[in-house]
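Fold and contact review
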Amino acid sequence: MEQKPKRSIEGFSKNSKRKKLEWVATHFFEDPAKAEETIRRFWLHNEIDQKLMDGISENTIGNFIMPFGIAPNFVINGITYALPMVIEESSVIAAASSAAKYWQSRGGFKATVISTLKVGQVHFFWNGDIRKWHNIWPKVDQKLRQAAMPITENMEKRGGGIRSIELLDFTTEEPNYYQLRVSFETCNSMGANFINSVLECFALELADIAEQQAGFTETEKDLNVLMSILSNYTPECLVKAEVSCPITDLGTWEGIESQELAERFYQAIRIAHIDTYRATTHNKGIFNGIDALVLATANDFRAIEACGHTYAARDGKYRSLSDCCIDDGIFHFWLEIPMNVGTVGGLTKQHPMADFSLQLLGNPDATTLMEMIAVLGLAQNFAAVRSLVTS
């Protein structure tokens, strides 16, 4: 009988953390003792905290430590904050702090949440006359909402819940493929579990409606749900951050006068709208700031990045997420970006450092946190572009 490769193992997840580490060190390192010591150095001394870390993910053998820094002097809508940032790249926090101090004496940052809707989808296949669904849609909408009531009632008490249910026809792109697109308000939570629970309820109810519908043929009674899941693209969960001042107030920077500085800055932003190669690096700099605060508050930076990059390509071409204009002697620089964050649920309170971050920020609601994150992305972008067009 052929032997299994040396590095294969069954039942790895059932082993203790120490046994997992011992196996990894023995099978993948020339000096197992040194490998084990490297990991153990970063185990937390507090057993309760370490148990919390071990329970966040699967097959854990240790902790990966990231720097936790502070960017002070951020004036946002008239209030001064010190923003926590978790990032390993040097100069990022220094650049953000420099931008914060620069704009502190120029009116600070303004931020506005434009909308807060999230999206979920039920993807299904159905072979029939779509007009039959359209004819009964008001009743279907009502039945779906009633079926989900046990899930939604607590969210509705907080001001959230289901906002709209749309039936979308994709049969020109894929035979018999339809979709329920549902918009939600989830208040101060990111809402992933809530949204997915509602969608799964909708899937069962929709299939049952089709099966019981008197006017449907036998073929039409067979509705096949493929999957039900939230979307991380949330273009209607949108926040804007901006700065502006008279061009003369920009001051001289490394020998460059304010008018030239404004024009060079504007040209750099224009290039990031024109050229995708530049836009990619440009937007990466924005996410240097965004991701750092998202991580510090234990939100989902991967979802926010995916959403932001999709939004940057919403017109078919990948472009800068930030924009700039010079009108009537006023320099105006802004960023509009969709993001879904929470200040309750998930790890936001469970993780001690995330809880510390939220306390540092004054325990903001989700919309205020959106504003802070967008401002930090804009500040990071301002610092980077200013540096590029001067020195």
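Before going into details, it helps to say that this report is about the structure given with it. (Residues numbered from 1 in each chain as written. Predicted model: local features only at pLDDT ≥ 70, side-chain atom pairs only at ≥ 80, totals over all residues. Heavy atoms only, no water.)

Brief notes about the side chain of Asn63
Stated formally: Here a helix means four or more residues in a row that DSSP labels H or I, a strand means two or more in a row labelled E, and each is numbered from the N terminus. Exposed residues in this analysis have more than 50% of their type's maximum accessible area, buried residues have under 20%, and partly exposed residues fall in between, with area computed by a 1.4 Å probe over protein chains only. N or O atoms within 3.5 Å of each other form a polar contact, as long as, within protein, one can give a hydrogen and the other can take it, and as long as residues adjacent in sequence are counted only when both atoms are side-chain atoms.
Of note, Asn63 is situated in the loop between helix H3 (47-56) and strand E1 (68-76). By relative accessible area, which is 18% here, Asn63 ends up buried. Separated by 2.8 Å, the side chain of Asn63 and the backbone oxygen of Phe42 make a polar contact. Polar side-chain contacts of Asn63 include one of 2.7 Å to the side chain of Gln50.

Considering the state of the cysteines
We apply this condition: Disulfide: a pair of cysteine sulfur atoms within 2.5 Å of each other.
As enumerated under the stated definition, the model contains zero disulfides in all. Cys187 carries a free sulfur, and the closest cysteine sulfur to it, the one in Cys237, is 12 Å from it. Of the cysteine sulfurs around Cys237, a residue in no disulfide, the closest is that of Cys307, at 7.8 Å. Given a relative accessible area of 1%, Cys237 falls into the buried group.

What about the sheet that holds strand E8 (residues 237-246)?
For clarity, the threshold we go by: Only strands joined by at least two bridges in the DSSP assignment are considered to pair. To get an axis, a line is fitted to the C-alpha atoms, and for a helix only the part in contact is used. The angle between two axes follows their N-to-C directions and goes from 0 to 180 degrees.
Reading across from one edge, E3-E8-E10-E9 is the order of the four strands in this open sheet, with antiparallel pairing throughout. On the outer flanks of this sheet lie strand E3 (110-116) and strand E9 (322-327), each paired with one strand and no other. Strand after strand, the sheet turns through a mean of 20° between neighbouring axes, direction not considered. By the bridge criterion, six bridges tie E3 to E8 in an arrangement that is antiparallel. Residue pairing across strands places Val113 opposite Val239, the latter belonging to E8.

Some words on the layout of surface pockets
The criterion, for reference: The rule is simple: put a 1 Å grid over the protein atoms alone, call a set of points where a 1.4 Å probe fits but cannot get out a cavity, call an open set with protein on both sides within 12 Å along at least five of seven lines a pocket, and count a residue as lining if it has an atom within 4 Å of a point. Grid points are joined across faces, edges and corners, and a volume is the space filled by probe spheres set on the points. Asp, Glu, Lys and Arg are counted as charged, while Ala, Val, Leu, Ile, Met, Phe, Trp, Tyr, Cys and Pro are counted as nonpolar; the rest, among them Gly, fall into the polar class.
Each pocket or cavity is described by its volume, and for the largest pocket that value is around 1,600 Å³. If you go around the largest pocket, you meet 41 residues; those closest to its centre are Ile56, Leu295, Ala298, Leu347 and His351. Going through the elements one at a time, H3, helix H7 (192-212), helix H9 (276-296), helix H10 (301-312) and helix H11 (352-360) are the ones with two or more residues in the lining of the largest pocket. The biggest single contributor to the lining of the largest pocket is H3, with five residues. Taken together, the residues of the lining of the largest pocket break down into 23 nonpolar, 14 polar and four charged.

A short note on empty space enclosed by the protein
If you walk through the whole model with that rule in mind, you get two cavities of 30 Å³ or more. Space inside the largest cavity adds up to approximately 50 Å³. What lines the largest cavity is Met190, Leu230, Ser231, Asn232, Thr234, Ala303, Ile304, Cys307, Met339 and Asn340. For the lining of the largest cavity, the elements supplying multiple residues, two or more each, are strand E7 (224-231) and H10. Among the elements that take part in the lining of the largest cavity, H10 stands out by supplying three residues, more than any other. Broken down by class, the residue content of the lining of the largest cavity amounts to six nonpolar, four polar and no charged. Computed from the structure, the second largest cavity encloses a volume of approximately 30 Å³. Lining the second largest cavity are Tyr102, Leu250, Leu261, Phe265, Phe331, Phe382 and Arg386. Taken together, the elements giving at least two residues each to the lining of the second largest cavity come down to helix H8 (258-274) and helix H12 (366-390). Here the residues of the lining of the second largest cavity sort into six nonpolar, no polar and one charged.

Interpretation note: all reported values are geometric properties and have no functional meaning in isolation.
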